[in-house]
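What follows is each chain in one-letter form.
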Amino acid sequence: MGINDVNIIGIGKDAFNGNLDGMIEGRVLPWVEDIEEDGYPVWEDYGAVQRSTYFLDREGNLLYQFNITTLDPENPEDYTSLLNMILDYRSNNGPSVIRVSEDYETIQAAINSANNGDIILVEPGTYTEQIDFLDKNITVSSLLYSGFEDSILTETILDGNNQGSVVTINGGQSQSTILLGFQIQNGNSNEFGGGILIEDSSPTIDRNIIKNNRTGSCGGAGGGIAVIGDSYPHIFGNKINNNTVNGDCDCDCYFGGGIYVDDLAWPILGGSVTIGNIIYENLSGRGRQLFRDHNSDTSSWTPIYAHHNYFEECPPQSVDVYPLNGWDFQNCHRITNLSTDSPNLFSEELTLYPNYPNPFNPVTNIKFKAYSLSTVNIDIFNVLGEKIFNDVMTVPA
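This text gives an overview of the structure that appears in the document. Worth saying up front: this structure is predicted, and the values here are computed from it rather than measured.

1. A closer look at the pattern of salt bridges
Two side chains of opposite charge can pair, provided their charged atoms sit close to one another.
Okay, so step 1: Under the counting rule described, the total for this entry stands at 5 salt bridges.
Okay, so step 2: Between D103 and R99 there is a salt bridge; the shortest N-O distance is 3.8 Å.
Okay, so step 3: Taking the relative accessible area as the measure of exposure, R99 reaches 7% and is therefore buried.
Okay, so step 4: Put simply, E313 and R334 hold a salt bridge, and the shortest N to O gap is 3.6 Å. With E313 in the loop between β32 (310–311) and β33 (321–322) and R334 in strand β35 (residues 333–334), this residue pair connects regions lying 21 residues apart in the sequence.
Okay, so step 5: In this structure R334 comes out as partly exposed when scored by relative accessible area, which is 46%.

Here you go:
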């Protein structure tokens, strides 16, 4: 049903049965046996040749076939062509995939037409607009969603043109609502959230670059992101820099250059090395990088979970984070040795591939790649958050 219903298998003849390593950037593609003693039924029935590619429905009926040899995996046009072909032949009884700019010229027009659960897939380009998720639980994503290279972040730009918050999510969304893989810039709000405003909603904000946004008039909060009201968002793997909160009034009323959280909201920031946020060079009167608001004594309150985030200093100082006891910065990191020009600051540390088969099978395989000799601590948790496995291993590059 929808894009997640697409499954890919290979058909191997004789010696090529089983799993072949090294395919799809090191991932293992599941294969179906087709052996000589059975008369090669798959190859014979479909008249297959090497690299034949087929689209089948759920009942196994052939919908379309072609030879994939003509496509160059390094060519963005060929990649997009194959992606669109998959979308065209997906099941039509599940969530829709809406494409910008093939189906709609603007992201907001696509959102207006979307239903809960739909995926809006945005091609590279600069989109000068402010988008509002309305009351919809949807995914709005660049081609990063489909596995395209990480450089796509800097090529898929949401530009607010200084006309308000670039992204507004205030319709009561859950964490199934996802904003993924954009550069979000040039927002300008008088009160909250120049880049992203989250109000009474709990979306997932995943792997975006949020930069050069501004908030403020006579007071303001959240140059990059403002989280206010009954909100519990997940904020993972974003780079948040060069956002500003300032204004014309001489007051102590400019808060959270990077992220502002009011006294009702409870976000989760980061959580592991691969999903930590990189937060630096934001400016405001207090809490340049992070500010958590409060209306009562904070001596015994519970800090917001913010593990494995990157700052210029670790732990960050009070000028950057306010108040210090409002945040749990366990396992924070310094960004000194990271290239802040890179859209993916973790790509040279560790790659975690999708597990196979899916985790609802009795047994699953988890594959990862280290880019240097590394000691890796592996913790696996069940859906209740209980640790069910731990191991420490040294792995070669």
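2. Comments concerning the side chain of N213
Okay, so step 1: Within the secondary structure, N213 is located in the loop between β19 (209–211) and β20 (214–215).
Okay, so step 2: In this structure N213 comes out as buried when scored by relative accessible area, which is 2%.
Okay, so step 3: From its side chain, N213 meets the backbone oxygen of K211 in a polar contact 3.0 Å long.
Okay, so step 4: Those residues in contact with N213 that sit more than four places away from it in its chain are V166, I184, Q185, N186, G187, G194, G195, G223, N242, N243 and T244.

3. Thoughts on the state of the cysteines
Okay, so step 1: Applying the stated criterion across every chain yields a total of 3 disulfides.
Okay, so step 2: Between the sulfur atoms of C218 and its disulfide partner C249 the distance amounts to 1.9 Å. Across the S-S bond linking C218 and C249, the dihedral sits near -120 degrees, which makes this disulfide left-handed. Placement of the pair is C218 in the loop between β20 and β21 (220–221) and C249 in the loop between β25 (244–245) and β26 (254–255), with a sequence separation of 31 residues.
Okay, so step 3: You can call C249 partly exposed: its relative accessible area is 27%.
Okay, so step 4: Here C314 is linked by a disulfide to C332, with a sulfur-sulfur distance of 1.9 Å. The chirality of the disulfide connecting C314 with C332 is right-handed, given an S-S dihedral of about 95 degrees. With C314 in the loop between β32 and β33 and C332 in the loop between β34 (327–328) and β35, this pair connects stretches of sequence that are 18 residues apart.
Okay, so step 5: Exposure remark for C314: the relative accessible area of 29% places this residue in the partly exposed category.
Okay, so step 6: For C332, a relative accessible area of 13% puts it in the buried group.

4. As for the environment of Q173
Okay, so step 1: Looking at the element boundaries, Q173 is found in the loop between β13 (167–169) and β14 (178–180).
Okay, so step 2: The exposure class assigned to Q173 is buried, which follows from its relative accessible area of 2%.
Okay, so step 3: Residues Q173 and I198, spaced 25 residues apart in sequence, show a C-alpha to C-alpha distance of 9.5 Å.
Okay, so step 4: Apart from residues no more than four positions distant in its own chain, Q173 is found in contact with F133, L134, D135, K136, N137, S201, S202 and P203.
Okay, so step 5: At a separation of 2.9 Å, a polar atom in the side chain of Q173 contacts the main-chain carbonyl oxygen of L134.
Okay, so step 6: Only 2.9 Å separates the side chain of Q173 from the backbone nitrogen of G171, close enough to count as a polar contact.

5. Focus: the sheet that holds β33
Okay, so step 1: Pairing within the open sheet is parallel, and its 7 strands lie in the order β10-β13-β17-β22-β27-β30-β33. Lying at the two open borders of the sheet, with one neighbouring strand each, are β10 (131–132) and β33.
Okay, so step 2: Pairing between strand β30 (residues 290–292) and β33: 2 bridges, direction parallel. Within β33, the residue paired with L290 across the bridge is V321.

6. Overview of the pairing of strand β11 (residues 139–142)
Okay, so step 1: Residue alternation in β11 divides its side chains into two sets, T139 and S141 and V140 and S142, and both sets are buried.
Okay, so step 2: Direction of pairing for strand β8 (residues 119–122) relative to β11: parallel, over a ladder of 4 bridges. Bridge pairing links V122 to S142 in β11.
Okay, so step 3: Pairing of β11 with β14 involves 3 bridges; the strand directions are parallel. When the sheet's bridge partners are listed, T139 is paired in β14 with I178.

7. As for the sheet that holds β25
Okay, so step 1: On the basis of which strands lie adjacent, the open sheet formed by 3 strands has the order β16-β20-β25 and parallel pairing. Strands at the two margins of the open sheet, each flanked by one partner only, are β16 (188–189) and β25.

8. Here's the deal with empty space enclosed by the protein
Okay, so step 1: Applying the stated criterion to the full structure yields 2 cavities of 30 Å³ or more.
Okay, so step 2: Approximately 40 Å³ is the volume attributed to the largest cavity.
Okay, so step 3: Looking at the largest cavity, the residues that line it are T80, L83, N84, R99, V100, L121, V122, E123 and L143.
Okay, so step 4: Going through the elements one at a time, α2 (76–88), β7 (97–100) and β8 are the ones with two or more residues in the lining of the largest cavity.
Okay, so step 5: Looking at the lining of the largest cavity element by element, the count peaks at 3 residues for α2.
Okay, so step 6: Each residue belonging to the lining of the largest cavity can be placed in one class, and the counts come to 5 nonpolar, 2 polar and 2 charged.

The rules behind the values
Residues numbered from 1 in each chain as written. Predicted model: local features only at pLDDT ≥ 70, side-chain atom pairs only at ≥ 80, totals over all residues. Heavy atoms only, no water. Salt bridge = Lys/Arg side-chain N within 4 Å of Asp/Glu carboxyl O. Buried < 20%, exposed > 50% of the residue type's maximum accessible area, 1.4 Å probe, protein only. Helix = DSSP H or I, 4+ residues; strand = E, 2+ residues; numbered from the N terminus. Polar contact = N/O pair within 3.5 Å; in protein donor to acceptor, adjacent residues only side chain to side chain. Contact = heavy atoms within 4.5 Å. Disulfide = S-S within 2.5 Å. Pairing = 2+ DSSP bridges. 1 Å grid on protein atoms, 1.4 Å probe; cavity = no way out; pocket = protein on both sides within 12 Å on 5 of 7 lines; lining within 4 Å. Points joined across faces, edges and corners; volume = space filled by probe spheres on them. Nonpolar A, V, L, I, M, F, W, Y, C, P; charged D, E, K, R; others polar.

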